[in-house]
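Commentary on secondary and tertiary structure
Residue-level listing of the chains:
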Amino acid sequence: MRNSSNKSVFFKMSPMSNTEDGKTEISDSPVGGSFKSVLLRWRRSVYQLIWKHLLIYALTYILLSILYQFVLNEDGKKNFRVLAEHCSGYSRSINLMIMLGFFTSTTMQRLFTMQITIPGIAKSITMFILSLKPGLPEGPIIIEKYSRWQVLTWVLTFRLVCKPLRTIYPDLMSLQNAGEMKISFPVFFYSSETVKIVSFKLYFYFNKRGLLTQEEREVMENPELTSNTTPHPLIVVDWILLLLKETFLKSRYFSEINHLKNVEIIMAFKKSCGNTIKFATQNISPALIQAVILAVYGFGCITLMARNFSKEDAPISDAVVAYIPLMPGLQFFVYFAWLCFGRAAVDPFGDDEDDINVKQLVQSHIEDSMRLRDLYSRQLTDVFPKLEAPIEL
């Protein structure tokens, strides 16, 4: 079974390009390049993050200046100046550095911990395949079931914490039908009666095995066979352990120690899945997030009113200060950008561009599992037919 015939068609990878030497390059890399290219970058940049708020801030600032110069009477202008000077004094005394520093460092540390906790499947699948005796008639079937259950456990785990993946796989039936691919071809024909070209789409269906079989879905949904309180990932992990036990009892391993090694790897995989759910569900306290958001937006409202009215007669300078919120806006948007970075790290499994691309990870795991299955039936001479045998001393 070749990899090219089993590639999943349900997810699109990030833009990638192949070089002449066969190596893969990831396009649009956020690092590297000249300083100018990084500074002028728009996608996933701070400019893309704050431009809407910056536009609202500038328009509000200008409207307040118009209100002061052309709408208010003398008493109103006097009250406006008193309020502006009051806000200007408090804007210099408010220090958000400590609060934002604590919030950002906490969320970034949490994001880093979650990234290194994300479980992988390549190690366990490779260990299981290389532990089996070669030439077993049932070997390919066992390996297919083992690798598919590993991917299924991974998907079921991240369905609990990732909304985009939960949208793709809303229930167990969607996991069973994951192997169905529909391809449409437009067909055109000429109609003499209506004197026009009529088109319709012809659909072809190709069915492949999904991540879950019908029998497995019925077992998971049957309350007599499976407890309703048991999470679905743990159910599939139990199946994997039973498969390892059966493999050991039927002497399919090279040696008995391979059984214990495979069990240890699966238990480590189970722990990583549990840690991922724990980190994603036990989120940062909403009170902390609310306090930081209120503080930053409150500071922005204060800087909108904060103004220093010069006693000198300088019309050009007064106009620049009144209608271009450079200095008050600069400080606010530094804090605001800092807040956005921290908020992005609170929920790293969302739809934002800076979030962890779980759909791409699923695609990678599916392709890895299909590629690793060939290790059981392939030999080194299949890759290098002219490989010379080692010289015996």
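Residues numbered from 1 in each chain as written. Predicted model: local features only at pLDDT ≥ 70, side-chain atom pairs only at ≥ 80, totals over all residues. Heavy atoms only, no water.

Here we look at the overall build of the chain
Along the chain, the regular secondary structure elements total 16 helices and four strands. Taken over 393 residues, the chain has a buried fraction of 34%. Within the chain, contacts between residues at least 6 apart in sequence are counted, and of these 75% link residues at least 24 apart. Put simply, the chain shows about 25,000 Å² of open surface, and 61% of that area lies on carbon and sulfur atoms. (Helix = DSSP H or I, 4+ residues; strand = E, 2+ residues; numbered from the N terminus. Buried < 20%, exposed > 50% of the residue type's maximum accessible area, 1.4 Å probe, protein only. Contact = heavy atoms within 4.5 Å. Areas by Shrake-Rupley, 256 points an atom, 1.4 Å probe, with all protein chains shown as cover.)

Describing the pattern of salt bridges
Under the counting rule described, the total for this entry stands at six salt bridges. Taking the shortest distance from any N to any O, the salt bridge between Arg148 and Glu144 comes out at 3.1 Å. Linking Arg148 with Glu144, this pair stays in helix H6 (residues 139-159), spanning four residues, or about one helical turn. Residues Arg148 and Glu144 agree in their burial class; the two are buried. Beyond isolated ion pairs, a larger network of salt bridges with shared partners links Glu144, Arg148 and Glu216. (Salt bridge = Lys/Arg side-chain N within 4 Å of Asp/Glu carboxyl O.)

Description of the state of the cysteines
Note: disulfide means a covalent bond formed between the sulfur atoms of two cysteine side chains. Summed over all chains, the structure comprises zero disulfides. Sulfur of Cys87: no disulfide; nearest cysteine sulfur belongs to Cys301 and is 9.7 Å away. (Disulfide = S-S within 2.5 Å.)

Some remarks on the environment of Asp368
Mapped onto the elements, Asp368 comes out in helix H15 (residues 358-373). Sequence spacing of Asp368 and Ser147 is 221 residues, and the spatial spacing of their C-alpha atoms is 9.4 Å.

Regarding the packing of aromatic side chains
Each aromatic ring pair is described using two quantities: the centre-to-centre distance and the angle formed by the ring planes. This model, assessed by the stated rule, comprises 12 aromatic pairs. Aromatic pair Phe128 and Tyr146: ring centres 4.1 Å apart, planes at 10°, arrangement stacked. Here the residue Phe128 occupies a position in helix H5 (residues 122-131), and Tyr146 occupies one in helix H6, the gap between them amounting to 18 residues. With centroids separated by 6.0 Å and ring planes inclined at 35°, the aromatic side chains of Phe332 and Phe336 adopt a geometry described as tilted. Residue Phe332 and its partner Phe336 are both found in helix H14 (residues 326-346); the two are separated by four residues, about one turn of the helix. Residue Phe336 is classed as buried on the basis of its relative accessible area, which comes to 1%. Cluster of aromatic residues (ring-pair linked, three or more members): Tyr57, Tyr297, Phe332, Phe333 and Phe336. Above the face of the Tyr68 ring, Lys77 is positioned so that its terminal group lies 5.9 Å from the ring centre. (Phe/Tyr/Trp six-rings, centres within 6.5 Å; stacked < 30°, edge-to-face > 60°. Lys NZ or Arg CZ within 6 Å of the ring centre and 35° of its normal.)

With respect to the environment of Val219
Within the secondary structure, Val219 sits in helix H9 (residues 214-221). In this structure Val219 comes out as partly exposed when scored by relative accessible area, which is 25%. Taking the C-alpha atoms as reference points, Val219 and Ile235, separated by 16 residues in sequence, lie 9.8 Å from one another. Here Val219 is in contact with Leu225, Thr226 and Trp239, once residues within four sequence places are set aside.

Notes on the packing of helix H4 (residues 97-117) against H14
With their axes 8 Å apart at the nearest point, H4 and H14 run at an angle of 30° to one another. As judged from the angle between their axes, H4 and H14 are roughly parallel. Like other packed secondary-structure pairs, H4 and H14 cross with a definite hand, here left-handed. In contact with Met97, Leu100, Gly101, Phe103, Thr104, Thr107, Met108, Arg110 and Leu111 of H4, H14 contributes Tyr335, Trp338, Leu339, Phe341, Gly342, Arg343, Ala345 and Val346. Across the contact of H4 with H14, the residue classes tally to 11 nonpolar, four polar and two charged. (Axes fitted to C-alpha atoms, helices over the stretch in contact; angles between N-to-C directions. Parallel < 35°, antiparallel > 145°, perpendicular 65-115°, else oblique. Left-handed = near helix turned anticlockwise from the far one by under 90°. Nonpolar A, V, L, I, M, F, W, Y, C, P; charged D, E, K, R; others polar.)

With respect to a nonpolar patch on the surface
The grouping of Phe35, Leu39, Leu40, Trp42, Val46, Tyr47, Leu49, Trp51, Leu55, Leu59, Met108 and Phe341 at the surface amounts to a nonpolar patch, some 1,200 Å² of accessible area in total. Within the fold, Val46 resides in helix H2 (residues 46-71). (Patch = residues over 30% accessible without salt bridge, like charges linked within 9 Å, V, L, I, M, F, W, Y side chains within 5 Å.)

A few points about unusual backbone geometry
Residue Ser251 is not a glycine yet carries a positive backbone phi of 55°. Within the fold, Ser251 resides in the loop between helix H10 (232-249) and helix H11 (257-281).

Overview of the nonpolar core
If you look at the biggest cluster of nonpolar residues, it comprises 48 residues, and the most contacted ones within it are Val155, Leu175 and Val358. Take this core: its biggest share by element is 10 residues, from H6. Not counting the four nearest positions on each side in its chain, Leu175 is found in contact with Leu152, Val155, Leu156, Tyr169, Gly210, Leu211 and Leu212. In this structure, Tyr61, Leu64, Phe80 and Met305 belong to the second largest nonpolar core, which totals 26 residues. (Core = buried A, V, L, I, M, F, W, Y, C linked by side-chain atoms within 4.5 Å.)

A closer look at the environment of Leu244
One can find Leu244 in helix H10. Residue Leu244 is classed as buried on the basis of its relative accessible area, which comes to 0%. A C-alpha to C-alpha distance of 9.3 Å links Leu244 and Leu260, two positions 16 residues apart in sequence. In contact with Leu244, other than residues within four places in its own chain, are Phe128, Tyr146, Tyr253, His259, Asn262, Val263 and Ile266.

Quick word on the packing of H6 against H15
Pairs of packed helices are described in terms of their axes, by the angle between the two and the distance that separates them. Contact geometry of H6 with H15 gives a least axis separation of 10 Å together with a crossing angle of 170°. As judged from the angle between their axes, H6 and H15 are roughly antiparallel. Packed against H6, whose contacting residues are Ile143, Glu144, Ser147, Arg148, Val151, Trp154, Val155 and Phe158, the element H15 presents Val358, Leu361, Val362, His365, Ile366, Ser369 and Arg373 at the interface. Broken down by class, the residue content of the contact of H6 with H15 amounts to nine nonpolar, three polar and three charged.

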